Amino acid sequence: MSTVHDRRSAPRTGRRQAPPAPGRAVRRGGTGRGALWPYLLIAPAVLGMLYLLLYPLARAVLISFQDFRLRQLILGDAEFVGLRNYRTLLGDPQFWEVVRRTFVFMAVNVVAIMVLSTLVALMTERLGRVARTVVLSSLVLVWAVPVVAATTVFQWLFHSEFGIVNETLTGLGLDSYESYPWLAHGGTAFAIIVVLIVWQSVPFAAITLYSALVTVPAELYESARIDGAGGVRVFRSVTFPLIRPIFMLVLSLEVIWTFKAFVQIWVMTRGGPGEATTILPVYAVQTALAGQRYDLGSAASMLTVLLMSGVLVLYFRQLFRQEGEQL
């Protein structure tokens, strides 16, 4: 009886519960068409990205080593000249003046963006729910404004005859600003473009820094305040060390953004008056279009990429060195 009972209580086994054969599992796993199907799905996107990004870069590098002007653009018989275009640019004092102005422009913008963004993020963290929602929504709306549209609005604001800025200053009794040509003076044109770029850049940086601030544990703030630390000390000893990776990432992105700023300057001043607002991207386009020197323009673009890459390499090298010392 016990034998019969054991047979009845034992689980039934059949062909359906048998494990798959090892050879069959290998064939299903990934050497057939199924393994290639994911790559075939992403192939159009990858090929499109390579064509839209790498091909123009490779073409610009090639043109920078050629004698490529309007004739060569039409006939296509460009001659290889080696480093002649680069020697021409590096021997031009105007090019080095543009490089100096570019770094000044970048430094002013990045410092202003990071300081204002940090202050806005700290303020937003301390607001109530409704006020915080209003501030974040406003930042998103500013960030969503197209670059050309925002630049056009700034042109209207500082218009010499119909601009709101001149009308407001004149209404306050500053008669010297009546019909004042803001964009006709190098210093004021430079300052207006800086304000425009800072206004466009602060929303992204502030929202990103705010998202990093909300991850800081509240217990650390409470401990610091119990120890008698003030606001500046809390930020320096508690907040900034924890958000430093995000802060440095935003800083590097803003360096790239301001270093390659072109649309704002080209739409508003085209690098003028004179050369007061001419930075490297604008200089490259001016060089290519003024005398159809596409070879020199491509060489200037490549030097811009090299300079920006050098700045970022030095920056990240210093960053990694500091992190290594802290560890």
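Attention in this report is confined to the structure presented alongside it. Note that the coordinates shown come from a computational prediction; the quantities given were computed from them, not determined experimentally.

What counts and how
Residues numbered from 1 in each chain as written. Predicted model: local features only at pLDDT ≥ 70, side-chain atom pairs only at ≥ 80, totals over all residues. Heavy atoms only, no water. Helix = DSSP H or I, 4+ residues; strand = E, 2+ residues; numbered from the N terminus. Buried < 20%, exposed > 50% of the residue type's maximum accessible area, 1.4 Å probe, protein only. Areas by Shrake-Rupley, 256 points an atom, 1.4 Å probe, with all protein chains shown as cover. Phe/Tyr/Trp six-rings, centres within 6.5 Å; stacked < 30°, edge-to-face > 60°. Core = buried A, V, L, I, M, F, W, Y, C linked by side-chain atoms within 4.5 Å. Salt bridge = Lys/Arg side-chain N within 4 Å of Asp/Glu carboxyl O. Axes fitted to C-alpha atoms, helices over the stretch in contact; angles between N-to-C directions. Left-handed = near helix turned anticlockwise from the far one by under 90°. Contact = heavy atoms within 4.5 Å. Nonpolar A, V, L, I, M, F, W, Y, C, P; charged D, E, K, R; others polar. Polar contact = N/O pair within 3.5 Å; in protein donor to acceptor, adjacent residues only side chain to side chain. Expected span 1.5 Å × (residues − 1). Parallel < 35°, antiparallel > 145°, perpendicular 65-115°, else oblique.

## What to know about the overall build of the protein chain
Scanning the protein chain from terminus to terminus reveals 15 helices and two strands. Taking all 327 residues of the protein chain together, 33% fall into the buried category. In the structure as shown, the protein chain presents an accessible area of about 20600 Å², 66% of it carried by carbon and sulfur atoms.

## Points about the packing of aromatic side chains
Between two aromatic rings, the relevant description is the distance of the centres plus the angle of the planes. Taken as a whole and judged by the stated rule, the model has 18 aromatic pairs. Taking 5.4 Å as the distance between ring centres and 75° as the angle between the ring planes, the aromatic pair formed by Phe95 and Trp96 counts as edge-to-face. With a centroid separation of 5.0 Å and an interplanar angle of 75°, the aromatic rings of Tyr180 and Trp182 are classed as edge-to-face. Under the relative-accessibility criterion, Tyr180 is labelled partly exposed at 21%. In this structure an aromatic cluster arises from ring pairing among Phe154, Phe158, Tyr177, Tyr180, Trp182 and Trp199.

## Concerning the nonpolar core
Core analysis: the largest hydrophobic core is formed by 64 residues, its most contacted members being Leu89 and Phe105. For this core, the element with the most residues is helix α10 (residues 186–213), which contributes 14 residues.

## Section: the pattern of salt bridges
With the rule as written, the count across this model stands at seven salt bridges. As a salt-bridge pair, Arg84 and Asp67 come within 3.8 Å of each other at their nearest N and O atoms. Highlighted residues: Arg84 in helix α5 (residues 84–90) and Asp67 in strand β1 (residues 66–67), separated in sequence by 17 residues. Owing to a relative accessible area of 16%, Asp67 belongs among the buried residues under this scheme. Between Glu97 and Arg100 there is a salt bridge, with its nearest N and O atoms 2.6 Å apart. Pair noted here: Glu97 and Arg100 are both in helix α6 (residues 93–126), with a separation of three residues, about one helical turn. Residue Glu97 is classed as partly exposed on the basis of its relative accessible area, which comes to 32%. By relative accessible area, Arg100 is classed as partly exposed at 46%.

## Comments concerning helix α14 (residues 280–290)
Taken as a whole, α14 has its buried residues at Leu280, Pro281, Val282, Tyr283, Ala284, Thr287 and Ala288. Among the residues trailing α14, Gln292 stands out with phi positive, at a value near 55°.

## Describing the packing of α6 against helix α7 (residues 129–144)
Closest axis-to-axis distance for the α6/α7 pair is 8 Å, and the angle between their directions is 145°. Handedness of the crossing formed by α6 with α7: left-handed. Along the contact surface, α6 presents Val120, Met123, Thr124 and Glu125, while α7 presents Arg132, Val135, Leu136 and Leu139. Here the residues of the contact of α6 with α7 sort into five nonpolar, one polar and two charged.

## Observations regarding unusual backbone geometry
The omega torsion of the bond from Gly272 to Pro273 falls at -5°, within 30 degrees of zero and hence cis. For Pro273, the position within the fold is in the loop between α13 (263–268) and α14. Unlike most non-glycine residues, Ser179 shows phi in positive territory, near 55°. A relative accessible area of 34% places Ser179 in the partly exposed class. Positive phi outside glycine occurs at Arg270, with the angle close to 55°. Counting through the fold element by element, Arg270 comes out in the loop between α13 and α14.

## Notes on the environment of Asn166
Note on placement: Asn166 falls in helix α9 (residues 164–171). When the C-alpha positions of Asn166 and Glu178 are compared, they lie 5.9 Å apart, and in sequence the two are twelve residues distant. A distance of 3.2 Å separates a polar atom in the side chain of Asn166 from the backbone oxygen of Ser160. From its side chain, Asn166 meets the backbone oxygen of Tyr180 in a polar contact 3.1 Å long.

## Quick look at α6
With 34 residues, α6 extends 50 Å from end C-alpha to end C-alpha; this agrees with the ideal 50 Å at 1.5 Å per step. With a side-chain oxygen positioned 3.2 Å from the backbone nitrogen of Gln94, the residue opening α6 is Asp92.

## Description of the side chain of Ser252
Along the chain, Ser252 turns up in helix α12 (residues 231–259). For Ser252, a relative accessible area of 4% corresponds to the buried category. In contact with Ser252, other than residues within four places in its own chain, are Leu312, Tyr315 and Phe316.

## A closer look at the packing of α6 against α12
Their axes nearest at 10 Å, the elements α6 and α12 cross at an angle of 140°. By the angle between their directions, the pair α6 and α12 is classed as oblique. Where α6 crosses over α12, the handedness of that crossing is right-handed. Residues Thr102, Phe103, Phe105, Met106, Asn109, Val110, Ile113, Met114, Thr118 and Leu122 of α6 touch α12, and the partners they reach there are Phe235, Phe247, Val250, Leu251, Glu254, Val255, Thr258 and Phe259. In the contact of α6 with α12, the residues fall into 13 nonpolar, four polar and one charged.

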